[in-house]
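Next come the chains, spelled out residue by residue.
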Amino acid sequence: TKYEFDKKKAASLLDEAGWKLNANGKREKDGKVLTITFMTTAQNKTREQVQAVVSSAWKEIGIEVITKNEQATSFFTTTLRERKFEGPTAFMYAWVMGPESNLYSIVNSDQIPTPSNTFSGQNYTAFADSTVDQITKENMKKLDKKEVYEGLKKVQEILTRELPSLPLFYRVDVSSCDDAIVNFKPQGT
């Protein structure tokens, strides 16, 4: 699924959902202004710059944005894992995964941090889908990479349709080696 950047469509969808522009240019419904807290890790200039651009676009369509950044230690161990936030909140963080990733730790519902599993797992979005659960569990037992990749294609189709998270940008890693080195395979993101 491909989603085009379209502020007019976003505004139209907000209107349809009942979030109308008030006299101050803010989206309001039932007397309450639509406010999103937007969090990321502190002291990361790239993320802070992206956060500013996204916040600006949201503000242009009438959404109030509160930016709040935390040190990575509390951001990942308390705020995300233990869900220590209230109301509409958006989070920006990075996943570093190699080409061998199965996505199990970030999209399987068994990996949603909860008190019953002592907040282990990295499915911070609390995404749950029985097909994704089945494929990611089965893929962990498979040795045939083609079979694994076929399963991951189905997972990606579901993720791009359901959008538990939205990739904003990708880091580029360049790998090079001398021609004399054999069987070299990049292990980057």
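Residues numbered from 1 in each chain as written. Predicted model: local features only at pLDDT ≥ 70, side-chain atom pairs only at ≥ 80, totals over all residues. Heavy atoms only, no water.

Chemist: Report on the overall build of the chain, specifying residues and quantitative values.
Modeler: When helices and strands are tallied, the chain shows 6 helices and 6 strands. Listing each helix as α and each strand as β along the chain from the N terminus yields α-β-β-β-β-α-β-α-β-α-α-α. Each principal axis of the C-alpha atoms in the chain carries an extent, and together these give about 65 × 40 × 35 Å. Taking all 189 residues of the chain together, 29% fall into the buried category. In the chain, of all internal contacts separated by at least 6 residues, the share reaching a separation of at least 24 is 59%. For the chain, the separation between the mean place of its 26 positive charges and that of its 25 negative charges on side chains is 2 Å. (Helix = DSSP H or I, 4+ residues; strand = E, 2+ residues; numbered from the N terminus. Buried < 20%, exposed > 50% of the residue type's maximum accessible area, 1.4 Å probe, protein only. Contact = heavy atoms within 4.5 Å. Lys, Arg positive; Asp, Glu negative; His and termini not counted. Charge placed at Lys NZ, Arg CZ, Asp CG, Glu CD.)

Chemist: Can you lay out the sheet that holds strand β1 (residues 20-21) for me, pointing to particular residues and giving the numbers?
Modeler: Reading across the sheet, the 3 strands line up as β1-β2-β3 and stay open at both edges, with antiparallel pairing between neighbours. Pairing within the sheet leaves two strands with one partner each, and these edge strands are β1 and β3 (32-33). (Pairing = 2+ DSSP bridges.)

Chemist: So what's going on with a nonpolar patch on the surface? Which residues, and what values?
Modeler: On the surface, Y3, L163, L166 and L168 cluster together into a nonpolar patch covering about 390 Å² of accessible area. Tracing the chain through its elements places L163 in the segment after α6 (145-162). (Patch = residues over 30% accessible without salt bridge, like charges linked within 9 Å, V, L, I, M, F, W, Y side chains within 5 Å. Areas by Shrake-Rupley, 256 points an atom, 1.4 Å probe, with all protein chains shown as cover. Salt bridge = Lys/Arg side-chain N within 4 Å of Asp/Glu carboxyl O.)

Chemist: Report on the confidence of the model for the chain, specifying residues and quantitative values.
Modeler: Looking at the chain, the pLDDT average stands at 90 and 94% of residues meet or exceed 70. Per-element mean pLDDT across the chain ranges from 90 in helix α4 (residues 104-107) up to 97 in strand β2 (residues 27-29). (pLDDT = per-residue confidence, 0-100.)

Chemist: Any details on the nonpolar core? Residues and values, ideally.
Modeler: With 13 residues, the main nonpolar core has L14, L34, F38, I61 and I63 as its most contacted residues. Elements with a minimum of two residues in this core: α1 (7-16), β4 (35-41), α2 (45-60) and β6 (89-92). In contact with I61, other than residues within four places in its own chain, are K7, A10, A11, L14, L21 and R27. (Core = buried A, V, L, I, M, F, W, Y, C linked by side-chain atoms within 4.5 Å.)

Chemist: Give a description of helix α3 (residues 72-80) that names residues and reports values.
Modeler: Those residues of α3 that sit buried are F75, T79 and L80. Considered in projection along α3, the buried side chains sweep an arc of 70 degrees and stay on one side of the axis. Where the residues of α3 are buried, they touch β4, β5 (64-70) and β6. (Arc of directions from axis to C-beta.)

Chemist: Give me the lowdown on the side chain of T40, citing residues and values where you can.
Modeler: Assignment of secondary structure puts T40 in strand β4. By relative accessible area, T40 is classed as buried at 0%. Polar contacts involving the side chain of T40 include one to the main-chain carbonyl oxygen of M92, which spans 2.7 Å. Beyond its immediate stretch of four places on either side in the chain, T40 contacts R47, Q51, K68, N69, E70, F75 and M92. (Polar contact = N/O pair within 3.5 Å; in protein donor to acceptor, adjacent residues only side chain to side chain.)

Chemist: How would you sum up the pattern of salt bridges? Please name residues and give values.
Modeler: Inspection of every chain in the model, using the stated rule, returns 9 salt bridges. In this structure, K2 engages E4 in a salt bridge whose closest nitrogen and oxygen atoms are separated by 3.8 Å. A salt bridge links D110 to K137; the nearest nitrogen and oxygen atoms lie 2.9 Å apart. Placement of the pair is D110 in the loop between α4 and α5 (130-139) and K137 in helix α5, with a sequence separation of 27 residues. Judged by relative accessible area, K137 falls into the partly exposed class, the value being 38%.

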